[in-house]
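The residues making up each chain are set out below.
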Amino acid sequence: HESKAQVAEQGMKSMLNLAINPDNKRVFGDSNACALSKLVLQYNTDNDVAATVEHTLRVISSLSINPANQVKLHEEGIAAALQATLSRYCESNVGIAEHSLRAIANLSCFDGNNTSFNEVGLCSTVVKCMSVLGKSTASIAECSLRAVVNMAVADGNKTKLGEDGACEAVVELLRVH
């Protein structure tokens, strides 16, 4: 439904601009915005509404700077939603890939998210994105490397990222850029 997509897009844009303020990040976290953001991400990924997906990822990335929101997003199952989104758009939409990777990097600062990221296959998807888009797009290279830095703090992710080719991908990105 077109009006639903327009409301979601404008709502995410409003949240994004308001969430620049640290106090507003806390207010959004306290008002169930983390759960709502995940639902908007899932719905619009499933229905291929790329503009709203990108704005929602930017909101999730911004909200996830707040440690309490990192926990709330984890509790809402954000790992699976990010996996679905990045898998779908990794090869076709640089903006969505970039903002997915930014959110993953921020969310990786909470150990619970790192465990979930490994469980849902995000390690593999991040490495794929590094390999596919990172060579040709500097912003994807930077964001994917930042995600790997933060994800690799967890031993399980370190192992999985290595098995999935992160070591080779990092060397290739350094060589190319």
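This text follows the structure it describes.
Residues numbered from 1 in each chain as written. Predicted model: local features only at pLDDT ≥ 70, side-chain atom pairs only at ≥ 80, totals over all residues. Heavy atoms only, no water.

Novice: Any chance you could explain the environment of V120 here in plain terms?
Specialist: Following the sequence through the fold, V120 ends up in helix α8 (residues 111–120). With relative accessibility at 31%, the residue V120 sits in the partly exposed group. Counting along the chain gives 39 residues from V120 to A81, while the straight-line C-alpha distance between them is 9.5 Å. Apart from the residues lying within four places of it in its own chain, the contact partners of V120 are A79, A80 and Q83. (Helix = DSSP H or I, 4+ residues; strand = E, 2+ residues; numbered from the N terminus. Buried < 20%, exposed > 50% of the residue type's maximum accessible area, 1.4 Å probe, protein only. Contact = heavy atoms within 4.5 Å.)

Novice: Please explain the packing of helix α4 (residues 50–63) against helix α7 (residues 94–107) as it appears in this structure.
Specialist: Two quantities define a packed helix pair, namely the angle between the axes and the distance from one axis to the other. Two elements in contact, α4 and α7, have axes whose closest approach is 8 Å; the angle formed by their N-to-C orientations is 20°. Taken together, the axes of α4 and α7 are roughly parallel relative to one another. Classified by chirality, the crossing of α7 by α4 is left-handed. Seen from α4, the contacting residues are A50, V53, E54, L57, R58, I60 and S61; seen from α7, they are G95, I96, H99, S100, R102, A103, N106 and L107. In terms of residue class, the contact of α4 with α7 is built from seven nonpolar, five polar and three charged. (Axes fitted to C-alpha atoms, helices over the stretch in contact; angles between N-to-C directions. Parallel < 35°, antiparallel > 145°, perpendicular 65-115°, else oblique. Left-handed = near helix turned anticlockwise from the far one by under 90°. Nonpolar A, V, L, I, M, F, W, Y, C, P; charged D, E, K, R; others polar.)

Novice: Help me understand the nonpolar core in this model?
Specialist: The tendency in soluble globular proteins is for nonpolar side chains to be buried side by side. If you look at the biggest cluster of nonpolar residues, it comprises 49 residues, and the most contacted ones within it are L82, L86, I104, V126 and M151. Secondary-structure elements contributing two or more residues to this core are α1 (2–18), α3 (33–46), α4, α6 (78–89), α7, α9 (122–132), α10 (138–151) and α12 (166–176). The element that contributes the greatest number of residues to this core is α7, accounting for seven residues. Filtering out sequence-adjacent residues up to four positions away, I104 remains in contact with L82, L86, F117, L122, V126, A147 and M151. (Core = buried A, V, L, I, M, F, W, Y, C linked by side-chain atoms within 4.5 Å.)

Novice: Honestly, helix α2 (residues 22–30) in this entry has me stumped. Any pointers?
Specialist: Structural remark: α-helix, 3.6 residues per turn; residues separated by three or four positions point the same way. Burial in α2 covers these residues: K25, F28 and G29. Within α2, the buried residues cover an arc of 100° as seen down the axis, which keeps them to one side. Residues of α2 that are exposed and angled more than 90 degrees away from the buried face: D23 and D30. Regarding α2, its N-cap is N21, as a side-chain oxygen of that residue lies 2.7 Å from the backbone nitrogen of D23 further along. Once α2 ends, the next one or two residues include N32, with phi positive near 70°. (Arc of directions from axis to C-beta. Polar contact = N/O pair within 3.5 Å; in protein donor to acceptor, adjacent residues only side chain to side chain.)

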